[in-house]
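Survey of secondary and tertiary structure
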Amino acid sequence: MTADATRIRSLDDPTLFVDTPATIYDAVPPYPPRSEREAEFYHLRDGELLINLGPQHPSTHGVLRVVLKIDGERVVDLDPVLGYLHRGVEKICENGDWHHAISNCDPLEYVASMFSEAMPVLACEKLLDLEVPRRAEYIRVLAWELNRIASHALFVGWLALDLGGLTPILYSFIERDEIVEMLAALTGQRLLFNYLRIGGVNGDLNHEFMSRLGDWMSHAAEQLDNNQKLLNENEIFVRRTKGLGTLDRETALRLCMTGPPLRATGIPYDVRRAHPYSVYPELEFRIPTREEGDSYARYQLHLDEARESIHIIDQVLHQMPDGPVMAQIPRLIRPRPGRAWIAIESPRGQYGCFAISDGSDQPFRLRIRDPSYFNLQAVGVLTPGNLIADTMAIMASLDPIMGGIDK
Amino acid sequence: MSALTRPWGHLTLAGKIILPLVGLVIALTLLLLLGVATGVIPALVLFGGSLVGANLPIVRFIVAASAILLMTVPTAFVIIYMEMKFIAFINMRLGPNRIGPWGTLQSTIHGFKVLAKEDFTPTGVDVPVFTLAPVVVYLSAVMTLLVLPFAPGLVGVDMNIGLLYFFGIGGLNVVGLLMAGWSSFNKYSLIGGLRAAAQVISYELPLTLGVVGVIMLAGTMSLNQIVLLQAGSFLDWFVFQQPLGFLIFFIAAVAEGNRAPFDLTEADSEIVAGFATEYSGMRFGFFFFAEYVAVFILSGLITVLFFGGWNAPLDLNPLLNWAGLSVNTGLDFGRLGVGLLFLIALGPVVGTLLLALPFWMLRSDWSVLKSLVIGFLLFNLLIMGAVGLYLAISFEAVVGLFWFIAKTYVFVFVFVWMRGTLPRVRIDQLMGFAWKWLLPAALLNLFVTALAVITVDAIR
Amino acid sequence: MLLSPPRARRDTTEIRVSTAHASDVMRTLHDDPEFGFDILADVCGVDTGDHMQVVYHLWSAASPDWLRVIVDELPRDDPRVPSVTFLWKGAEWGEREAYDMFGIIFEGNRDLRRIYMPPDYESFPLRKDFYLADDAPRSPGQGFRHMERVHDPSTATPDLLIRRSKLR
């Protein structure tokens, strides 16, 4: 492709504001089908209609575009189209050094960025065989669990908002805001924390953080119960989520799902327990599961997990050791050549990172495995046969974050 | 003002219409002033008085129609402000708080905003239908106001088939929604329009059948008569004789007004804005106003049919008489003579000064001017209160209007409350609810009412 | 069957297989109750500079360790590998991403098309011969606007300039 074709048209271009005549746009994309599945999808039967859900749509949680094939109100098939937020984070990481990768990975999961920024950190530590100070490990777990609650709180609000409830999202934001303010006191940022460092964390717990945390802990569980009262026994909410988008165990495993959608089918796969990392082996917590596998089960599971996280935070605060929060590491990091795979449990499932070092100060390859990328595929399995309105309920219950999906 | 400095060719269609109208209005105002000054117009009015007397029904209709058309805009403004503020309260937010005291002028500003926005017609739409649709929706809402009795004697047209007219004209709005959905050249709009058609038609049945019980009890379809039949204490209201009918009517009214939890036609999280997706500017404003006017009208109709319309919950006059508090409303201003002139001339000045005095004395940091302004405002408030009280005592229409508006806004509040609390139902649940539950319940209600009416007649 | 003996480092065991055996190995790992690797944690492509790899990470309830399967030594000019979508349907998007970024063709994937890049895009951005604009000092003198360079193996950048993994 020449540079000329991709040039952005300047405002002086006389053809820019010329009215285009009315045309009936063809629903079919202007290129030949690139795969069997695409050819099948764009072959419309009588009465079927293609409709673009997104990329600018109130309930796609970002710039996701889903092409729906509908027959009346019923969804026959759908085709998610990604890439509207693609920034090439993996390529950018290959061109910066290991420290740069932390802030590059930060905006991947922008709702719980404490998890995505841990990816290059943990991978590099594994490549270096680095022993992280125990206090730093505890602080990391504290920050992760706080962020998990903040993310789960928002999930509940989003689900209700996509079902048409205006109020729960505001209640969720009250809870989330307390945690975000708390983490801002700790890290200096509200959204993209950039707090973890290779070999530890960027600063010890401070007074403001601890006082905010104390305030919040005193009413956290109660607040959680209060906020869900609005939805738990709401007839409309229950009827719209129960039995909707039901996954069985076999399908969930075949779809490579992880996190709450997988655990809602009854499989207790949680990386914190299945493959312990950090100081999770020293902490006592339950892996909540549900058997039903529907949207309502996923909603309930998020609430259960938030409660478990409060329990973990309680333990972390009691067991917090003294000591340094950073290991002694050189400023320029050159891990020995090797491969490392790490995985952690983010609010949306298993966040993974596969790093290859070639001995230089830059990662040779930094592959980020985003849980919502794999979980979102379930939409294609769960939605056909349901109504348009259910598409949103199913999508919201899978909790996709486009920052991570589009990388 | 930018419209005035722009060349003619660059104006939108609305601008081309409005700009000459502005000139016309200015010219007419000048003519009017000139006419009053030269004494031509008073002479004409004297002559016209006899003309009006000869054609009273037509004049009455024109006045009523204009008044109703004019009252929709402030009504919508008030309800929009109410909704913003109450939902903010439910959401634990502040809500509008910048424009006007406590943000009360927010919806007025919204009104100006939609007027100032570009009236955009997308490529590929069916222009005449696209342009007419908001008007149809708005007019169908406004025209139903004509039969709504606000107070004794304060009703646009007292038709003997008022209720039938109401449902007939109110049902027209689905045509407008369908027109908007079809002509917009947008699949979301189409889905929204078709949803509107399905929903409104399905809920027309329980809505109408729910009222038939009231019609049977009242024996008339004139809304004025129905209100008169409920006079007395609150125990005479039809809601106590028709509880099931009220419930059915209320639920169906929520669906008919496309309000949450039945706002599927403009479900923002599903089909963006439904039929209104492609509309902007004042055309969208028409839809928006129509929705809130419909909320007012449906609440008003609930009040009229089931909650006694303008009737007070309790008649206080016997109680007042018993307490010896009879009020003499026969005040004759003519008897005051020259004193009246003095009162008009000196009253405001003395009142303002008297009211300003305590502020000026107690708050040493306030300037005289500030105290005077406060005094003047307080004086006006007092006078308005006094006049209101006087009107309320002397004219029963004012009391009736008060009770009607108060009851109506209680139901408007319930509409808003539901929007803030409930998620949206799904289309199949919506339709299933109408046909499987509401309609049989309405028929049952009809049957039981008919049985009761016959039995009571037989006993008598 | 394996290209080299299994290696274990910390909590990860690594095996390398060739393209011809990839399908059988994955099927055995998934279906054989002795292994029971029913969770596919990740599938991704790697460009080592000399050749392409496809890397799978698997987890089984039987052992707490990760298993890394590397399908190694795919030629850079025509990398082809059998798809695992018949075992894990969810690998579909992972393979689409590897195709989009590296041009690795997964035979048997019914939906192998670009997932991030636009349909008319022609290069494979994560390949080592694709230079970023701000990577210009390191690029072989072709100027700043290198993003859209058509990847053509016959005229690809001289081998010397490609960053290579020293890993074996």
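Looking at the interface of chain A and chain B
At the interface, 39 residues of chain A touch 29 residues of chain B. Here chain A packs against chain B, burying approximately 2,700 Å² in sum over the two surfaces, 63% of which is carbon and sulfur. The largest per-residue losses of area from chain A upon contact with chain B belong to Glu73, Leu166 and Ile236 of chain A, which jointly make up 19% of the total buried on that side. Linking chain A with chain B are 2 salt bridges. Where chain A packs against chain B, one counts 10 residue pairs in polar contact (both at pLDDT 80 or more). Elements supplying a minimum of two residues to the side of chain A that touches chain B: strand 1 (49–53), helix 6 (134–162), helix 7 (168–187), helix 9 (235–241) and helix 16 (388–398) of chain A. Broken down by class, the residue content of the side of chain A that touches chain B amounts to 24 nonpolar, 10 polar and 5 charged.

Re the sheet that holds strand 1 of chain A
Strand pairing in a sheet relies on backbone hydrogen bonds. The paired strands run either parallel or antiparallel. All names here are of chain A. The sheet built from 3 strands is open, its strands ordered 1-2-3 with antiparallel pairing. Edge positions in the open sheet fall to strand 1 and strand 3 (74–81), since each of these has one partner strand only. Looking at each pair of strands side by side, their axes are set apart by 25° on average, direction ignored. For strand 2 (residues 65–71) and strand 3, the ladder comprises 7 bridges, and the chain directions are antiparallel. Across the sheet, the residue bridging to Arg65 is Val81, located in strand 3.

Structural notes on the pattern of salt bridges
Applying the stated rule across the entire model yields 57 salt bridges over all chains. A salt bridge links Arg367 of chain A to Glu90 of chain A, with the nearest nitrogen and oxygen atoms 4.0 Å apart. One end of the pair, Arg367 of chain A, is in strand 8 (residues 363–369); the other, Glu90 of chain A, is in helix 2 (residues 89–94), with 277 residues separating them in the sequence. Residue Arg367 of chain A shares its accessibility class with Glu90 of chain A, and that shared class is buried. A salt bridge links Arg426 of chain B to Asp390 of chain A, with the nearest nitrogen and oxygen atoms 3.2 Å apart. Taken together, the residues Arg426 of chain B in the loop between helix 17 (396–421) and helix 18 (427–459) and Asp390 of chain A in helix 16 connect one chain to another. Exposure remark for Arg426 of chain B: the relative accessible area of 12% places this residue in the buried category. Using a relative accessible area of 2% as the deciding quantity, one classes Asp390 of chain A as buried. A network of salt bridges, in which partner residues are shared, links Glu145, Arg148, Arg263, Asp270, Arg272, Glu305 and Glu345 of chain A.

Quick notes on the confidence of the model for chain A
All names here are of chain A. Per-residue confidence for chain A averages 85 on the pLDDT scale, and 93% of its residues sit at or above 70. Contacts for the low-pLDDT stretch residues 1–9, under 50 throughout, to residues beyond four places or in other chains number 7 contacts. Counting contacts from residues 19–26, a segment whose pLDDT is below 50, to residues more than four positions away or on other chains yields 6 contacts.

Topic: the pairing of strand 3 (residues 39–47) of chain C
Residues and elements named next belong to chain C. Burial within strand 3 is extensive, with 9 of its 9 residues counted as buried. Of the pairings in the sheet, the one linking strand 3 to strand 4 (residues 52–60) comprises 8 bridges and is antiparallel in character. Paired with Asp47 across the bridge in strand 4 is Met52.

Thoughts on the interface of chain A and chain C
Contacts between the two partners involve 55 residues from chain A, matched on the other side by 66 residues from chain C. The interface formed by chain A and chain C holds 11 salt bridges in total. In this structure, Arg110 of chain C and Glu36 of chain A form a salt bridge, with 3.3 Å as the shortest nitrogen-oxygen distance. Connecting chain A to chain C are 29 residue pairs in polar contact (both at pLDDT 80 or more). Along the lines of polarity and charge, the residues of the side of chain A that touches chain C split into 24 nonpolar, 11 polar and 20 charged.

Comments concerning the state of the cysteines
Residues and elements named next belong to chain A. All told, the structure shown has 0 disulfides over all chains when counted by the stated rule. Here Cys124 is not disulfide-linked; the sulfur of Cys353 is the nearest cysteine sulfur, at 9.9 Å. Cys353 forms no disulfide, and the closest cysteine sulfur to it belongs to Cys105, at a distance of 6.7 Å.

Comments concerning the nonpolar core
Among the nonpolar cores identified, the biggest contains 163 residues, and Leu82, Trp144, Leu146, Phe209 and Trp216 of chain A together with Tyr56 of chain C are the most heavily contacted of them. In terms of residue count, the dominant contributor to this core is helix 6 of chain A (14 residues). Beyond its immediate chain neighbours, meaning those up to four positions away, Leu146 of chain A contacts Ile179, Met182, Leu183, Phe209, Leu213, Trp216 and Ile313 of chain A. Leu163, Ala255, Ile297 and Phe404 of chain B belong to the second-largest nonpolar core, a separate cluster that totals 83 residues.

Some details on the packing of aromatic side chains
This model, assessed by the stated rule, comprises 37 aromatic pairs over all chains. Measuring from centroid to centroid gives 5.3 Å for Phe150 of chain B and Phe404 of chain B, while their planes differ by 70°, and the two rings are edge-to-face. Within this pair, whereas Phe150 of chain B is found in the loop between helix 6 (127–144) and helix 7 (162–170), its partner Phe404 of chain B is found in helix 17, the two being separated by 254 residues in sequence. Measuring from ring centre to ring centre gives 6.4 Å for Phe250 of chain B and Phe411 of chain B, while their planes differ by 55°; the resulting arrangement is tilted. You can see Phe250 of chain B sitting in helix 11 (residues 243–256) and its partner Phe411 of chain B sitting in helix 17, a full 161 residues away along the chain. For Phe250 of chain B, a relative accessible area of 11% corresponds to the buried category. By way of ring pairs, the aromatic residues Trp237, Phe246, Phe249, Phe250, Phe306, Phe307, Phe411 and Phe415 of chain B are connected into one cluster. The ring of Phe285 of chain A has Arg273 of chain A sitting right over it, with the charged end atom 4.6 Å from the ring centre. One cation-aromatic arrangement involves Lys128 of chain C over Phe364 of chain A; the distance from NZ or CZ to the ring centre is 4.1 Å.

Cut-offs used in this document
Residues numbered from 1 in each chain as written. Chains lettered and ligands numbered in written order. Predicted model: local features only at pLDDT ≥ 70, side-chain atom pairs only at ≥ 80, totals over all residues. Heavy atoms only, no water. Contact = heavy atoms within 4.5 Å. Buried area = accessible area lost by both parts, 1.4 Å probe. Salt bridge = Lys/Arg side-chain N within 4 Å of Asp/Glu carboxyl O. Polar contact = N/O pair within 3.5 Å; in protein donor to acceptor, adjacent residues only side chain to side chain. Helix = DSSP H or I, 4+ residues; strand = E, 2+ residues; numbered from the N terminus. Nonpolar A, V, L, I, M, F, W, Y, C, P; charged D, E, K, R; others polar. Pairing = 2+ DSSP bridges. Axes fitted to C-alpha atoms, helices over the stretch in contact; angles between N-to-C directions. Buried < 20%, exposed > 50% of the residue type's maximum accessible area, 1.4 Å probe, protein only. pLDDT = per-residue confidence, 0-100. Disulfide = S-S within 2.5 Å. Core = buried A, V, L, I, M, F, W, Y, C linked by side-chain atoms within 4.5 Å. Phe/Tyr/Trp six-rings, centres within 6.5 Å; stacked < 30°, edge-to-face > 60°. Lys NZ or Arg CZ within 6 Å of the ring centre and 35° of its normal.

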